[in-house]
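Here is what each chain is made of, one letter per residue.
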Amino acid sequence: MGIIVRGYGKTKDGKEVKSYILTNKNGMEAEFLDYGAVLLRLLVPDKNGKLADVVLGYDSVAGYEETTTAFGGFIGRNANRLSGGIAVINGKEYTLEKNDNGINNLHGGFTGYNKMMYEAEITEEEGEYMVEFSRLSPDGEQGLPGNTDISVAYRLTDDNELVIEYLAVPDEDTIINLTNHSYFNLAGHTSGSVLGQKVTIYADSFTPSDANMIPTGEVCKVEGTPMDFRTAKKIGQDIGADYEPLLLAGGYDHNYILNEVEEDSVELAARAEDPVSGRVMEVYTNRPGIQFYTGNFLQGEKGGKEGMVYEKHGGFCFETQAYPDAPNKPDFPTTVVRASEEFDSTTVYKFI
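The name that an unreviewed UniProt entry assigns to the chain is Aldose 1-epimerase, with the source organism given as Acetivibrio ethanolgignens. Under the UniProt heading Pathway (unreviewed entry), the entry covering the chain gives this text: "Carbohydrate metabolism; hexose metabolism." As stated in UniProt under Sequence similarities (unreviewed entry), the record for the chain gives "Belongs to the aldose epimerase family."

Colleague: For the overall build of the chain, give the residues involved together with the corresponding values.
Modeller: The secondary structure content of the chain amounts to two helices and 27 strands. Taking 20 Å as the expected radius of gyration for a compact globule of 352 residues, we find that the chain reaches 19 Å, a close match to that expectation. Taken along its principal axes, the extent of the C-alpha atoms in the chain is 50 × 45 × 40 Å. Buried positions account for 57% of the 352 residues belonging to the chain. Within the chain, contacts between residues at least 6 apart in sequence are counted, and of these 64% link residues at least 24 apart. Of the roughly 14000 Å² of accessible surface on the chain, a fraction of 45% belongs to carbon and sulfur atoms. Across the chain, the mean location of the 30 positive side-chain charges is 6 Å away from that of the 56 negative side-chain charges.

Colleague: Could you give an account of the UniProt feature "binding site: beta-D-galactose" (unreviewed entry) in the chain, with specific residues and numbers?
Modeller: With numbering aligned to this structure, UniProt lists the feature "binding site: beta-D-galactose" (unreviewed entry) at Asn80, Arg81, His181, Ser182, Tyr183 and Asp253. Tracing the backbone shows Asn80 in the loop between β6 (74-75) and β7 (81-82). With relative accessibility at 3%, the residue Asn80 sits in the buried group. Excluding residues that lie within four positions of it along the chain, Asn80 makes contacts with Asn105, Leu106, His107, Gln291, Gln321 and Pro324.

Conventions we followed
- Residues numbered from 1 in each chain as written.
- Predicted model: local features only at pLDDT ≥ 70, side-chain atom pairs only at ≥ 80, totals over all residues.
- Heavy atoms only, no water.
- UniProt positions renumbered as here; feature names shortened; annotations may be inferred.
- Helix = DSSP H or I, 4+ residues; strand = E, 2+ residues; numbered from the N terminus.
- Rg over C-alpha atoms; globule rule 2.2 N^0.38 Å.
- Buried < 20%, exposed > 50% of the residue type's maximum accessible area, 1.4 Å probe, protein only.
- Contact = heavy atoms within 4.5 Å.
- Areas by Shrake-Rupley, 256 points an atom, 1.4 Å probe, with all protein chains shown as cover.
- Lys, Arg positive; Asp, Glu negative; His and termini not counted.
- Charge placed at Lys NZ, Arg CZ, Asp CG, Glu CD.

As structure tokens, then:
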């Protein structure tokens, strides 16, 4: 148990990047960068105690600077898509970068929180270490109002839980919707397709999207559709179904409305299992939605760790969040955080 800090290289403009490695008594390791607050590695034991790195990523700082995949990245100020690159706050329209096919804003724009440097602080309590990454997001950054103090803290427990705590406080009303964009492969990041891994999502409904991946504003039941993961099934079982939401997205890339939402406590949102290695991951959150994404746009992503070239469906994401395009959908739960109020959320990835 403990923490190791080491140099990891330099950014293209010469900034020193450090990595922070948390360990627990079971041999798990979680490694992070102060560039992008990135989750770089996550070593998890299988049913026989053999460790494997279960998140996709790069072997260099340059990979994270140049990426459009956001492997392991801290996503903000607004995760997911905003239609037309517009965010409506208190009736006023704010224009943001259209970095998604020149049409929509995605994950904050061309320079998201996953492409910024952070101050790091290490703390320890009862033998458990935590690393917190923080910065001031200035007024107007990414086109959004308000100076906003932002932080994301990572903690690895002896119960094999990776705990992520997000905190933000703006000085003006603004949009805040933070998440982590790790791509998981429970067989190990070098093992190829995840289509044989099983997923459960504790959601009766989802928000269908149009051809540009913007929610239509509808809420649809998953029952009787290929979107139904209420009972565990292989990711690949229905991914190729002749069903419009899947055809438009090239697979799963959809927001699920979670059944159990408690702002003051984390609730079980999803579960994934690799039948071969026996690794099981549970996801807990106090956010209202979870974006399930199956790496549909990975197409020979080069520069991966250990020389990997990541192919389509080489990993899946569970992005805990608010509903996509919420600022432009009055019927969706708001993502507006008022001046001096606190945005505080927690996500837990627990390995069994």
